[in-house]
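Here is how the chains run, residue by residue.
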Amino acid sequence: MSHTPKPASPAKPTSHVKLGLVDLDGVMRGKYVSPGKFESARDKGFGFCDVVLGWDVNDELYDNAAFTGWHTGYPDAMARVVTDTQRQLPGEPDTPFYLCEFSGEAEALCPRGILRRVLQRAERLGYQVKAGFEYEFFVFDETPESAHQKQYRDLTPLSRGAFGYSVQRNCEHAGLYQALLQGCQQAGIPIEGLHEETGAGVLEAAIAVDHGLAAADHAAVLKLCVKTIALQHGKMATFMAKCNTDWPGQSGHIHVSLTARDNTPVFHTEDAEWSMSPLMRQFLAGQQNLMPELLCLVAPTINSYSRLVPGYWAPTSARWGVENRTGALRVIPGSASAQRIEYRVASADANPYLALAAAVGSGLWGMEQGWDPGEPVTGNAYEQAAPAALQLPATLWEAAQRLKQSTAARELFGDAFVDHFAGSREWEERQFRKHVTDWELRRYFEII
């Protein structure tokens, strides 16, 4: 586990600098600014319309938000430039790009700010967090125009059929693969592995481990880079949790470990069962016990819950196992530097800052409470009934209610964030309920 090398410094900008910040849904929002404006923003902060905290992925305004809305007039909120996140985006080698985050009052709702405060909690306990994200994403031989014309049905995948880990496929599409590898390298994202997954046109990218905020920054920018590079090659990529009924959903697994302040790993005890230290067991217990309460942070869309079904490589309860991919939490034994937990419940559509905040915050809570995770599940977890306390919410609405009722969530993330984010998920559910699906028409139109 090592620090990621910083990306090469870009040439002096030809005209402008690009700034981006991640909204509640994990969507990158931002703009170009002149060099003079950038210098002012870097030194003093800048204003950014707070509507990005008050609308959904379709820019439709929440009707249940206290922080912002028509009642406030959507003023600017203060934001800061995170100066050590400088990188270059694909296709813009002469344009520096910087991540930003909200400050002031809006910081209470800022996803990057939420994660930073969770990491500060770890530091107060004497620990540092290391994490690495793995993302699955489907690539289609479509453009935004062709996909819209087809109403996102019967899209042509990059490759047909299942051919996991295929070298033939990555040779066939070497141009796209190389563009993804080189584009991510240019953007300072350390890709540890990229391969064909099981499914029609689905790929998986694994990002090398880094410290907490940097790991989430890499994940946020990876999504932007993948979608951008695909479009530059006449393709479309999606991180939807489940975009096809016939194929497994798309995960956003997170590998997590802790070190002491001197960088000594603390999850490993050589003579313990599965080399799990007492601290690792407590951390794991927190993740397991709080998973039902924090699920909407890692499964944040209506579509997320189509992925969490038996037999499709996604968990259905908060069970843990040792090297067992049928559970929500996979303990990976190894050397002191490799011992870690894979947080498998997270889907590819999750905001990486909030997903990591949930994975780490719940673990810290377990350490503070001195919890124990009990015995691991063995064999096929889908076939074994889980205790009621470990059953996961089945819908986004139910998950939002669990979040609102969670004492731990309010302590870890703050009342303002919990109320605002849960309200945004309730809004999302209400938008869905207004629509008649194709499934309903096919099932009921003629017969009922």
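Residues numbered from 1 in each chain as written. Predicted model: local features only at pLDDT ≥ 70, side-chain atom pairs only at ≥ 80, totals over all residues. Heavy atoms only, no water.

A. Layout of the pattern of salt bridges. A complete count under the given rule lists 26 salt bridges for this structure. Between Arg281 and Asp372 there is a salt bridge, and its shortest N-O distance comes to 3.0 Å. With Arg281 in helix α7 (residues 278-298) and Asp372 in the loop between α9 (352-369) and α10 (396-404), this pair connects stretches of sequence that are 91 residues apart. The salt bridge involving Glu342 is made with Arg330; its shortest N-O contact spans 2.7 Å. (Salt bridge = Lys/Arg side-chain N within 4 Å of Asp/Glu carboxyl O. Helix = DSSP H or I, 4+ residues; strand = E, 2+ residues; numbered from the N terminus.)

B. Main features of the pairing of strand β6 (residues 96-102). The buried fraction of β6 amounts to 7 of the 7 residues, a majority that puts the element mostly inside the structure. Side-chain alternation along β6 places Pro96, Tyr98, Cys100 and Phe102 on one buried face and Phe97, Leu99 and Glu101 on a second face that is also buried. The sheet contact formed by strand β1 (residues 17-22) and β6 spans 3 bridges and is parallel. Directly across from Lys18, in β6, lies its bridge partner Phe97. When strand β4 (residues 76-81) meets β6, the two strands line up antiparallel, connected through 3 bridges. From the neighbouring strand, Arg80 faces β6, where its bridge partner is Glu101. (Buried < 20%, exposed > 50% of the residue type's maximum accessible area, 1.4 Å probe, protein only. Pairing = 2+ DSSP bridges.)

C. Looking closely at helix α5 (residues 174-186). Spanning 13 residues, α5 covers 18 Å between terminal C-alpha atoms, matching the ideal 18 Å at 1.5 Å per step. Every buried residue of α5 is accounted for by Leu176, Tyr177, Ala179, Leu180, Gly183 and Cys184. Along the axis of α5, the buried residues cluster in a sector spanning 160°; they form a single face. Exposed and oriented more than 90 degrees from the buried face of α5 are Gln182 and Gln185. Buried residues belonging to α5 abut β7 (127-140), α4 (167-172), β8 (191-196), β9 (202-207) and α6 (212-232). Positive phi shows up at Gly188, right after α5, with a value of about 75°. (Expected span 1.5 Å × (residues − 1). Arc of directions from axis to C-beta. Contact = heavy atoms within 4.5 Å.)

D. Quick peek at the packing of aromatic side chains. All chains considered together, the criterion is met by 14 aromatic pairs. Relative to Phe140, the ring of Phe138 has its centre 6.2 Å away and its plane inclined at 20°; by these criteria the two rings are stacked. By relative accessible area, Phe138 is classed as buried at 3%. (Phe/Tyr/Trp six-rings, centres within 6.5 Å; stacked < 30°, edge-to-face > 60°.)

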